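A look at the structure
Read off the chains here:
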Amino acid sequence: MAVCQDFSCRKSPPAHLHLTYYDTFDWRLNAANLRLYRQQHEQDSQLVLESLKGDVPPSFTSLSTVPKFAWELPASAIRQYIEPIIEMRALLPVAEIKSREDTLRITNKEQKTVATLTLQQDDIVLTSNHRQALPPRLVLHAVKGYENSYQKTRKKLEQDIDLTVLEFDQLLAALQQQGIAVNDYSSKLKIQLEPQARADLASKSILKRLYQTMLANEAGLKTNIDSEFLHDYRVAIRRTRSILTQLKGVFADTSAEHFKQEFAWLGEITGPLRDLDVHLLQFDSYADNLPAAHRAALLPLKEYLFQVREQRHQGLLQDLASKRYTTIQAEWPAFLDKETISGELPENAAAPIQELAKRNIWRSYRKVMKQAGALSMSSPAAAFHELRKSCKKLRYLMEIFQSLYTGNEIKQLIKHLKILQDNLGEYQDLDVQSLAIKQFAREMEGHGIGRSDTYMAMGILVGALQQKKLAVHQEFIACYTQFARHGVQQGFAHLFKPVNKQLELSQ
Amino acid sequence: MKIIASYNIKGGVGKTATVVNLGYLAAAEGWRCLIWDLDPQGAASFYFRIKPKVKSGAKGLFERKRELADVIKGTDFDNLDLIPADFSYRNMDLLLQDGKSPVQRLHKLLKPFAKEYDYILLDCPPSISLVSESIFYAADALLIPMIPTTLSMRTLEQFLKFRKSHDLMQLNIMPFFTMVDMRKNLHRLLVENPPLHEPAFLKSKIPYASEVEQMGIHRAPLFSFAAHSRGAQAYRLLWEEVKERLHDENRRLG
């Protein structure tokens with residue numbers, strides 16, 4: 001090869017590699033400009049993490065099988081780096097490539113490798129016996145600190161052999177061959193609404209998108225891939241319910257009422273499983289609440305939670321195979337696709353969506369302010385729970401209709417609301433969790449699971465959660481004050497207050 | 001990021017072999033490692049076939065005319081980089097003396113690498129000087145390879161006295177035996193009855209083995225040409241023990 005006339009080269013034996021790329025269902029690694037793949041070569045197998053932006057040096061770690069979750073990876077730089085990015089999401093294989101590599105190591109006088117030049121021939125594995133070949137490529141790799149050698153080799157290749165530089169992403173090429181679009185799923189509701197669109201049509205377009213989200217997550221929640229399939233599925237249900245219950249007069253009463261009940265049922269049957277997922281996701285922080293000597297004693301609780309989760313998952317599978325669910329799956333898309341006949345329009349169906357959104361968000365905001373204003377620190381927990389529910393409804397409406405508002409103002413208001421909502425949420429979660437743990441202790445005792453030190457650890461945990469609950473409750477005033485301050489109130493009024501009311505005020 | 005230094009007042013005790021082989025093992029496990037060959041003799045650089053030359057020399061680095069990141073060289077092994085030695089390092093003491101807070105300057109140079117590297121291994125020159133003090137200040141752990149002989153023990157005692165008089169009692173010290181030949185009475189005696197309880201000797205010991213010497217012929221870490229040898233196995237055990245000690249230390253510090 002021409003390069004070898006000018007540089008000292010050492011040819012490595014051809015390598016037959018099997019690469020498997022991984023990402024999460026919602027493409028978190030791709031969103032962070034990362035590529036994670038397992039590279040198998042003969043008996044060796046290693047996991048490689050590369051940054052597309054080159055801001056993180058590539059990392060390698062030897063391992064034979066890629067675990068489902070980041071926390072199951074061996075302690076390594078890769079684990080440290082990706083764990084906070086993918087969190088509780090499972091690593092899923094997204095593309096497979098069989099590759100032949102013929103590598104020339106370009107070396108200096110000391111026989112030190114200063115660059116590598118690899119002829120790479122990739123086959124995308126489409127099915128077990130169907131492959132698609134990609135055009136062969138020459139890949140020139142630089143070695144840190146030897147950039148001059150890299151540049152010289154590159155110049156040689158460009159000038160003497162007339163090769164051109166190509167930006168190439170092996171994963172994207174493989175996905176394209178499989179007809180998969182990267183970032184084809186996001187849990188965020190990204191939909192651009194036209195402010196003047198008819199309320200019923202605009203609402204249906206959102207509901208359709210939410211239904212697609214439910215369908216996209218159904219397989220994953222049925223096969224138990226990770227907790228977030230159920231979570232995203234439930235968020236889509238709750239958003240759907242928000243539209244059906246809060247946008248009054250948009251759909252015929254009978255249809256709206258029927259589907260409201262059906263989606264409430266879906267919320268009910270998925271709730272208990274989600275509760276257990278939350279316990280399991282928080283298990284490490286539960287253990288952190290305990291003195292070190294008691295932590296190990298909590299493990300039987302974890303086993304019990306897994307056991308109950310399995311039972312509840314089986315129950316959910318039965319519900320999702322029921323006639324009632326099949327009927328929803330037939331009726332709901334039919335309702336969403338059905339054209340409304342002009343003569344029979346409910347009163348708000350033809351109203352511009354922005355007007356309706358504005359009116360509802362304003363009403364929902366007023367309710368939150370009224371409820372919050374009536375609270376004192378000695379109010380019963382139920383009153384705080386009611387406020388939390390109202391905040392949630394307001395948040396859903398604001399998120400659903402976010403695209404009707406340009407600029408950053410709505411995002412800022414959501415942030416303020418989120419601070420209040422998080423406080424109320426944490427307060428209630430801690431309450432529910434400590435009650436649930438007491439209940440688990442009774443159940444475990446009834447089934448003869450666990451030892452006395454387990455019950456003692458659970459007791460300490462309940463105490464710690466209740467203390468934390470009190471501390472969170474103390475922060476309520478500060479969270480509410482930031483939400484109720486004049487600037488935020490003005491922001492809500494500016495975006496959502498109906499014009500006639502603003503006029504009344506200014507006169 | 002953890003900084004581990006391989007140090008002994010005496011030369012020829014296996015400091016460089018320790019850094020090169022432990023660096024290789026940490027990198028092979030999946031940690032991003034950087035070795036800094038601080039010894040002007042440049043043995044670690046030699047083992048990785050990297051020229052012992054740093055543009056602008058030690059002066060350029062300490063006076064920040066050249067960034068440390070710009071002189072890092074990739075080795076032929078994944079996850080493992082090296083800052084080469086330079087003959088000018090022999091004057092490092094004088095350079096450190098010239099600046100403010102001389103003992104802290106080395107640490108200051110290394111601190112920005114916390115995001116890029118998980119382990120930094122320092123191959124130290126055999127002396128007890130201001131450079132050594134800067135290393136003691138920067139390091140999370142100090143590995144002290146020692147041949148089991150009377151003179152070695154004497155140098156360890158000298159070092160321990162120095163530690164006491166220089167307020168370095170917090171330094172995590174890990175002495176261990178190298179070039180051990182159990183056929184020799186003295187070696188056997190010292191290895192079986194390590195003379196110190198505090199700091200405790202590591203249990204791992206590196207045998208006197210020809211394959212370790214051959215690193216100079218292969219110019220590579222032991223594992224790339226004798227992965228299953230006795231020496232390689234000993235370095236594996238040493239690495240496990242070092243990690244365990246670091247972990248215990250972390251727990252102790254809470």
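Thresholds, definitions, all that
Residues numbered from 1 in each chain as written. Chains lettered and ligands numbered in written order. Predicted model: local features only at pLDDT ≥ 70, side-chain atom pairs only at ≥ 80, totals over all residues. Heavy atoms only, no water. Helix = DSSP H or I, 4+ residues; strand = E, 2+ residues; numbered from the N terminus. Buried < 20%, exposed > 50% of the residue type's maximum accessible area, 1.4 Å probe, protein only. Contact = heavy atoms within 4.5 Å. Areas by Shrake-Rupley, 256 points an atom, 1.4 Å probe, with all protein chains shown as cover. Lys, Arg positive; Asp, Glu negative; His and termini not counted. Charge placed at Lys NZ, Arg CZ, Asp CG, Glu CD. Pairing = 2+ DSSP bridges. pLDDT = per-residue confidence, 0-100. Patch = residues over 30% accessible without salt bridge, like charges linked within 9 Å, V, L, I, M, F, W, Y side chains within 5 Å. Salt bridge = Lys/Arg side-chain N within 4 Å of Asp/Glu carboxyl O. Phe/Tyr/Trp six-rings, centres within 6.5 Å; stacked < 30°, edge-to-face > 60°. Axes fitted to C-alpha atoms, helices over the stretch in contact; angles between N-to-C directions. Parallel < 35°, antiparallel > 145°, perpendicular 65-115°, else oblique. Left-handed = near helix turned anticlockwise from the far one by under 90°. Nonpolar A, V, L, I, M, F, W, Y, C, P; charged D, E, K, R; others polar. Domains from an automatic or database assignment. Buried area = accessible area lost by both parts, 1.4 Å probe. Polar contact = N/O pair within 3.5 Å; in protein donor to acceptor, adjacent residues only side chain to side chain. Arc of directions from axis to C-beta.

The secondary structure content of chain A amounts to 19 helices and 9 strands. Within the span of chain A, comprising 507 residues, buried residues form 47% of the whole. Taking the intrachain contacts of chain A between residues at least 6 apart in sequence as the baseline, contacts between residues at least 24 apart amount to 68%. For chain A, the accessible surface area stands at approximately 25,800 Å², while carbon and sulfur atoms represent 51% of it. Put simply, chain A has 64 plus and 58 minus side-chain charges, and the middle of one group is 4 Å from the middle of the other.

Now for the pairing of strand β6 (residues 141-146) of chain B. Residues and elements named next belong to chain B. Of all 6 residues in β6, 6 are buried, a share of seventy percent or more. Alignment of strand β1 (residues 2-6) against β6, held across 3 bridges, turns out to be parallel. The residue of β6 that forms the bridge with Ser-6 is Leu-143. In terms of strand pairing, β6 meets strand β7 (residues 173-180) through 5 bridges, oriented parallel. By the bridge assignment for β7, Pro-145 is matched with Phe-176.

Residues at a pLDDT of 70 or more form 97% of chain B, whose mean pLDDT is 91. Both confidence scores are given for the complex: pTM 0.84, ipTM 0.88.

Further remarks concern the environment of Pro380(A). Residue and element names in this part refer to chain A. Turning to its location among the elements, Pro-380 is positioned in the loop between α13 (353-373) and α14 (381-400). For Pro-380, a relative accessible area of 54% corresponds to the exposed category. Sequence separation between Pro-380 and Leu-301 is 79 residues, and the spatial gap between their C-alpha atoms is 30 Å.

We now examine a positive patch on the surface. Residue and element names in this part refer to chain A. Among the surface-exposed residues, Arg-241, Lys-248, Arg-363, Lys-367 and Lys-393 lie close enough to one another that they form a single positively charged patch. Structurally, the position occupied by Arg-241 is in helix α7 (residues 227-246). Assessed through its relative accessible area of 32%, Arg-241 is described here as partly exposed.

Any two aromatic rings considered together are summarised by their centre-to-centre distance and by the angle between their planes. For the structure shown, the criterion picks out 33 aromatic pairs over all chains. Judged by centre distance (5.5 Å) and plane angle (70 degrees), the ring pair of Phe251(A) and Phe335(A) falls under edge-to-face. Here the residue Phe251(A) occupies a position in the loop between α7 and α8 (253-281), and Phe335(A) occupies one in helix α12 (residues 323-337), the gap between them amounting to 84 residues. Neither residue differs from the other here; Phe251(A) and Phe335(A) are each classed as buried. Centroid distance Phe113(B) to Tyr117(B): 6.1 Å. Interplanar angle 55 degrees. Geometry classified as tilted.

Moving on, we come to the packing of α13(A) against helix α18 (residues 486-496) of chain A. Residues and elements named next belong to chain A. Packing of α13 against α18 leaves a shortest axis separation of 9 Å and a crossing angle of 155 degrees. As the angle between them shows, α13 and α18 are arranged roughly antiparallel. Seen from above, α13 lies across α18 with left-handed handedness. On the side of α13, the interface is formed by Lys-358, Ile-361, Trp-362, Tyr-365 and Met-369, while α18 contributes Gln-489, Phe-492, Ala-493, Leu-495 and Phe-496. Residues belonging to the contact of α13 with α18 are distributed by class as follows: 8 nonpolar, 1 polar and 1 charged.

Another aspect to go through is the pairing of strand β4 (residues 44-51) of chain A. All names here are of chain A. Counting buried residues along β4, 6 of its 8 residues qualify, which places the element largely inside the surrounding structure. Across 8 bridges, strand β3 (residues 34-41) lies against β4 in antiparallel orientation. Note on β4: the bridge partner recorded for Leu-36 is Leu-49. If you look at the hairpin formed by β3 and β4, you'll find 2 residues sitting between the two strands, and Glu-42 has a positive phi there, around 50 degrees. As paired elements, β4 and strand β5 (residues 59-62) share 4 bridges and run antiparallel to each other. The partner of Leu-49 across the bridge, within β5, is Ser-59.

Residue and element names in this part refer to chain B. Read across the open sheet, the 8 strands follow the order β3-β4-β2-β5-β1-β6-β7-β8; overall the sheet is mixed. Of all the strands in the sheet, just β3 (73-74) and β8 (205-207) have a single pairing partner and so form its edges. When strand β2 (residues 33-37) meets strand β4 (residues 80-83), the two strands line up parallel, connected through 4 bridges. Note that in β4 the partner of Trp-36 across the bridge is Ile-83. Contacts from helix α8 (residues 185-192) reach β7 and β8, with the element oriented near 155 degrees to β7.

Inspection of the entire model under this criterion finds 37 salt bridges over all chains. Taken together, the shared-partner salt bridges in this structure form one network comprising Asp26(A), Arg28(A), Glu87(A), Arg89(A), Asp226(A) and Asp232(A).

Let us look at the side chain of Asn423(A). Position of Asn423(A) relative to the elements: it lies in helix α15 (residues 409-447). For Asn423(A), the contacting residues outside a window of four places in its chain are Val472(A), Glu475(A), Phe476(A) and Cys479(A).

Looking now at the domain arrangement of chain A. Residues and elements named next belong to chain A. With domains assigned, chain A is organised as domain 1 (2-177) and domain 2 (199-496). Taking only C-alpha atoms into account, the centre of domain 1 sits 42 Å from that of domain 2. With 7 residues of domain 1 at the contact, the number on the domain 2 side is 10 residues. Buried surface at the junction of domain 1 and domain 2, summed over both partners, amounts to about 680 Å²; 62% is from carbon and sulfur atoms. Its largest share of buried area at the contact with domain 2, domain 1 owes to Phe-25, Met-88 and Arg-89, together 67% of the area lost on that side. Linking domain 1 with domain 2 are 2 salt bridges, by the criterion used here. On the surface where domain 1 and domain 2 come into contact, there are 4 residue pairs in polar contact (both at pLDDT 80 or more). When grouped by side-chain class, the residues that make up the side of domain 1 that touches domain 2 number 5 nonpolar, no polar and 2 charged.

Residues and elements named next belong to chain A. By the burial criterion, the buried members of helix α3 (residues 77-86) are Ala-77, Ile-78, Ile-82 and Ile-86. Down the axis of α3, the buried set is contained in an arc of 120 degrees. They therefore lie on one face. Of the surrounding secondary structure, the elements contacted by the buried residues of α3 are α2 (28-31), β3, β4 and β5. Where α3 ends, the next residue or the one after it, Glu-87, has phi of about 45 degrees, a positive value.

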